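A look at the structure
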Amino acid sequence: VENDINGIKISWNLVPEATSYTLYKKSQNGTVSATIDIKNPNASSYLDRNVTNGIKYTYTIVARNSHFKTANDKKHVICRVKRSKITSIKKKNKSTALVKWSKNKKASYYIIEYSTDKNFKNVKKVNVNGKETSLTIKGLSKRNYYFRIKTVIKAGAKYSSVYSKPKTLKMK
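In what follows, the accompanying structure is described. (Residues numbered from 1 in each chain as written. Predicted model: local features only at pLDDT ≥ 70, side-chain atom pairs only at ≥ 80, totals over all residues. Heavy atoms only, no water.)

Another aspect to go through is the nonpolar core. For soluble globular proteins, the rule of thumb is that nonpolar side chains tend to be buried together. With 19 residues, the main nonpolar core has I8, W12, Y21, L23, I38 and Y59 as its most contacted residues. Those elements that place two or more of their residues in this core are β2 (7-11), β3 (20-26), β4 (32-38), β6 (56-64) and β7 (76-79). Counting residues per element, this core draws most heavily on β6, at four residues. In contact with W12, other than residues within four places in its own chain, are Y21, I38, A43, S44, S45, Y46 and I61. Grouped together as the second largest cluster of nonpolar side chains are 18 residues, A97, Y110, L135 and L140 included. (Core = buried A, V, L, I, M, F, W, Y, C linked by side-chain atoms within 4.5 Å. Buried < 20%, exposed > 50% of the residue type's maximum accessible area, 1.4 Å probe, protein only. Helix = DSSP H or I, 4+ residues; strand = E, 2+ residues; numbered from the N terminus. Contact = heavy atoms within 4.5 Å.)

In structure tokens form, the structure reads like this:
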């Protein structure tokens, strides 16, 4: 299971001879909040769009055919984390940038990554308190920089969003 841009993506290995799958979803309070029948025997994933930021969900997948159903003892727990977006990046002076982003009210902290490589090789990471919505980065040289952000929620374990779309800033 993983956070996706539009919800939570649940993936599983195909079971030989299965003709369908049933996905059970429990919300944070432990009650079954959905039973999803997946009729396609070749389906190996499902995107659950009916999820709320900051809420934990437990998913269990069961393979079925007319002769059997697999045991449903493997549970996958995840907290939905909606991704934040970088709203602006501005050059403050020749070596300093100001990065601003949209707030996720459930965020414990954010991870800001920046690099001179558009594929984020040799990346620098900065953790920022979840109450903040901006960061000043100093010591930048006269190059193009690429920035992205992801949101982290601590809910027992740490759960993170997918990264935002990268934004570019020319420091030249």
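Position of K85 relative to the elements: it lies in the loop between β7 and β8 (86-93). Separated by 17 residues in sequence, K85 and S102 place their C-alpha atoms 5.4 Å apart. Ignoring sequence-local partners within four residues, the contact set of K85 consists of K100, W101, S102, I149 and S164.

Pairing between sheet strands relies on hydrogen bonds along the backbone, with the strands arranged either parallel or antiparallel. The three strands lie next to each other as β8-β9-β12, forming an open sheet whose pairing is antiparallel. Each edge of the open sheet carries a strand with a single partner, namely β8 and β12 (134-138). Averaged over all pairs of adjacent strands, the angle between their axes in this sheet comes to 20 degrees, without regard to strand direction. Where β8 meets strand β9 (residues 96-101), six bridges bridge the pair, whose relative direction is antiparallel. By the bridge assignment for β9, I86 is matched with W101. (Pairing = 2+ DSSP bridges. Axes fitted to C-alpha atoms, helices over the stretch in contact; angles between N-to-C directions.)

Take a positive patch on the surface next. Taken together, K82, K85, K165 and K167 make up a surface patch of like positive charges. A relative accessible area of 53% places K85 in the exposed class. (Patch = residues over 30% accessible without salt bridge, like charges linked within 9 Å, V, L, I, M, F, W, Y side chains within 5 Å. Areas by Shrake-Rupley, 256 points an atom, 1.4 Å probe, with all protein chains shown as cover. Salt bridge = Lys/Arg side-chain N within 4 Å of Asp/Glu carboxyl O. Lys, Arg positive; Asp, Glu negative; His and termini not counted. Charge placed at Lys NZ, Arg CZ, Asp CG, Glu CD.)

Attention now goes to the pattern of salt bridges. Inspection of every chain in the model, using the stated rule, returns three salt bridges. Of the charged contacts in the structure, one is a salt bridge between K125 and E113, with a shortest N-O distance of 3.5 Å. A residue pair is termed long-range when its members are at least 10 positions apart, and K125 in strand β11 (residues 124-129) and E113 in strand β10 (residues 109-115) qualify at twelve residues. The exposure class of E113 is buried, given its relative accessible area of 2%. A salt bridge links E113 to R148, with the shortest nitrogen-to-oxygen separation between them at 2.8 Å. Placement of E113 in strand β10 and of R148 in strand β13 (residues 144-155) is noted, with a sequence separation of 35 residues between them. R148 matches E113 in its accessibility class, with the two residues each being buried. Overlapping salt bridges bring together E113, K125 and R148 as one network.

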